[in-house]
Amino acid sequence: MDIRNIAIIAHVDHGKTTLTDAIMKQTGISKEGATMDSNALEKERGITIYAKNTSIFYKDTKINIVDTPGHADFGSEVERVLRSIDSVVLVVDAQEGPMPQTRFVLKKSLELGLKPIVVINKIDKPAADPDMVQEKVFELFLDLGGNDEQLDFTTVYAIAKQGIAKMHLDDESSDLTPLLDTILEKVAPAPDNSEMPLRAQPFNLGYDNFLGRLAVSRIYEGRIKMGESLTIKKMDGSVESGRVTKIYSFHGIEKKEVEEAVAGDIAMIAGFPNIEIGETICNDASQEALPAISIDEPTITLRFLVNDSPFAGREGKFVTGQQIKERLEKELEINVGLKVDFSSSEYFTVSGRGELHIAILLENMRREGYEIQVSQPKVIIKEIDGKKHEPFEEVTIDVPSSVSGAVIEALGTRKGIMTNMETRGSQTRIIFEAPTRGLLGYRGQFMVETKGEGILCSRVIGFRPFVGEIKRKDVGSMISMASGKALGFSLANLQERGTLYIDAATEVYEGMVIGNVTKGNEMSVNPIKGKQMSNMRSSGADAAIHLTPPMIITIERGLEIMNEDEYLEITPSSVRLRKQYLTENERIRAGRKK
């Protein structure tokens, strides 16, 4: 049977997963309602976080499909997948056109010599302009240095939600057959090298409580059989051996146990507890290793600490440093974009690809019953040729034209440099290059400035010389000076000084940050103070209290707004901001030491 290996790549929310689900449904490989976004967080947020494999059978051909994440923070998932497949299906929104992650994944694909099939999706949108988008995609191919063969790409038009694809906009179509036929026609069959000595390479990792680490691998040459002893050639040149204990092939989104897997296929292999992405699985040490897979480095770092707040241990099942360490070690088994330094006895230094990358890990941990507190995220500064360098990002912003001025001014103060600006109708698209340091904490402000109507996307473009101090719009912290239940009477007075993070009847402790102060100075307040009782009555004194709804702290919002001397406390049921030193005297003493 012929095998085709493809990846579906796109910017976040352009329809990759919807298209993959529709293909599986049409080929009868999945049940009604089944989806590639199987993780609970993926379903809630509507984004793909982890690269996943599926396979379909069409016209006596097995098509292995890898669905990749679209968010820049999970770019490391995409990079390694592209090395293991033979072509990509690039999905582009018919209204939005190419976005930052489109550029990122396409650049990686073209560098590897892949020839993409372009799918212009959502052609049923009222503001869709497929012809203009195709022109922009062609310009992007040119801009990224595509060769003549790559520039001669095939375009398919689709409405993935309805499971429809067509070769021309005015064609009649009722299913995805035109796209599936194009894949068979344009993607070369995987070479049948099954009689050669074995060479396979893991591009993704899985974990099983009974089998341990699982290597999702592309088999380039030879066969892998159950029970055979194989050699792993490591990145550093060393060699390890192991025995294959299980082989799984993909059948839809299900894993199917098989006795052997052959060249050209993608299989999941158990039996090698220390295997890493990019290493070579082969018959013996004399064989040449496959080219290693490199992954972009993390850009931000922060500390994970044991929760030592007055409310510690109330909600979590896992609260000790050893339990947090074991959980982070388990995460490193599969999350290759993450790095953790375990050298300190007081905290763990965690480095990731962005705020969302870290926030997803924290959200998963709290749902599993962990209590933890984290410090403010900082960008990773590198020394290159004796000079300080910091990560930069390309930021693409789509906003109503009426607020574009405010956005340009805000990013200008954060050392952003505008590289392009174009207006279409009432919308303006602005592209900036800005230091990651300047973007930390900006998304919340951006949503306020654009009244929720703006779209902000970014991608890391590398390290550049350090740009010096960045002034942000600072607000001070409103800190509770007492412990107890917050009262509406007290909060009604405090809300006039800034924005509250808590509601009436919320339990607070001394040193907890309950809001911000507009003027920028820190302020200690008493949120549990009640109304003074007296036997005198006055007109209007008992008027109803009106509280403005608070700004609820989520993990992502907390990482954005927290100050350097604060911790974000995360438990299964609560997310709180607190000062590192809880009492005012401790904070004064700590301030003197600096």
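Reading the values: the criteria
Along each chain, residue indices are assigned from 1 in the same order as the chain's sequence is written. The predicted nature of this model means local features are confined to residues of pLDDT at least 70 and side-chain atom pairs, given and counted, to a pLDDT of 80 or more, with totals for whole chains, interfaces and linings taken over all residues. Side-chain measures were taken over the full set of non-hydrogen atoms in the model, leaving aside hydrogen atoms and water. Only DSSP runs of H or I reaching four residues or more are called helices, and only runs of E reaching two or more are called strands; each is numbered from the N terminus. Each axis is a line fitted through C-alpha atoms, and for a helix only the stretch in contact is used; angles between axes span 0 to 180 degrees, taken between their N-to-C directions. Here the word oblique covers every angle except those under 35 degrees (roughly parallel), over 145 (roughly antiparallel) and from 65 to 115 (roughly perpendicular). Here is the rule for handedness: rotate from the far helix to the near one, and if that takes an anticlockwise turn smaller than a right angle the crossing is left-handed, while a clockwise turn gives right-handed. Throughout, a contact is declared for two residues whenever any of their heavy atoms are within 4.5 Å. Classes in brief: Ala, Val, Leu, Ile, Met, Phe, Trp, Tyr, Cys and Pro nonpolar; Asp, Glu, Lys and Arg charged; the others, Gly included, polar. Per-residue confidence from the predictor is reported as pLDDT, a score between 0 and 100. The criterion for an aromatic pair is that two Phe, Tyr or Trp rings (for Trp, the six-membered ring) have centres within 6.5 Å, with stacked assigned to planes under 30 degrees apart, edge-to-face to planes over 60 apart and tilted to the rest. Counting as a charge over the ring demands two things of the Lys NZ or Arg CZ atom: a distance within 6 Å of the ring centre and an angle within 35 degrees of the ring normal. By the convention used here, strands pair only if DSSP detects at least 2 bridges between them.

Next up on the list: the environment of aspartate 236. Note on placement: aspartate 236 falls in the loop between β11 (229–233) and β12 (239–243). In the structure, aspartate 236 is positioned 108 residues away from serine 344 in sequence and 26 Å away in space, judged by C-alpha atoms.

A word on the packing of helix α8 (residues 321–334) against helix α9 (residues 355–367). One way to put it is that α8 packs onto α9 with a least axis distance of 12 Å and a crossing angle of 125°. By the angle class used here, α8 and α9 are oblique. For α8 against α9, the interelement crossing comes out right-handed. Each of Ile324, Arg327, Leu328 and Glu331 in α8 lies in contact with α9, whose residues at this interface are Leu361, Asn364 and Met365. Tallied by class, residues from the contact of α8 with α9 come to 4 nonpolar, 1 polar and 2 charged.

Of all residues in the protein, 91% have pLDDT values of 70 or greater, and the mean over the chain is 83. Of all helices and strands in the protein, the one with the weakest mean pLDDT is helix α2 (residues 40–45) (50), whereas strand β21 (residues 372–374) scores best (93).

Scanning all chains against the criterion turns up 6 aromatic pairs. For the pair phenylalanine 138 and phenylalanine 153, a centre-to-centre distance of 6.4 Å together with 45° between the ring planes defines the contact as tilted. Linking phenylalanine 138 in helix α5 (residues 130–143) with phenylalanine 153 in the loop between α6 (148–151) and β6 (154–159), this pair joins segments that are 15 residues apart in sequence. Note on phenylalanine 342 and phenylalanine 348: the rings are 5.7 Å apart at their centroids and 70° apart in plane angle, and the pair reads as edge-to-face. One Lys or Arg, arginine 303, reaches over the ring of tyrosine 347 and ends 4.0 Å from the middle of that ring. One Lys or Arg, lysine 382, reaches over the ring of phenylalanine 463 and ends 4.6 Å from the middle of that ring.

Glancing now at the packing of helix α1 (residues 16–26) against helix α7 (residues 177–186). Contact pair α1 / α7: the axes reach a minimum separation of 11 Å and the direction vectors enclose 95°. Our classification of the angle between α1 and α7 gives roughly perpendicular. Contact residues: Leu19, Ile23 and Gln26 in α1; Thr177, Leu179 and Leu180 in α7. Looking at side-chain class alone, the contact of α1 with α7 contains 4 nonpolar, 2 polar and no charged residues.

Let us look at the sheet that holds β12. The strand order β12-β11-β17-β8-β9-β16-β13-β14 describes an open sheet built from 8 strands, whose pairing is antiparallel. Strands at the two margins of the open sheet, each flanked by one partner only, are β12 and β14 (254–257). Neighbour-to-neighbour, the strand axes of this sheet turn through a mean angle of 40°, independent of strand direction. Where strand β13 (residues 246–251) lies against β14, 4 bridges are found, and the strand directions are antiparallel. Bridged to histidine 251 within β14 is glutamate 254.

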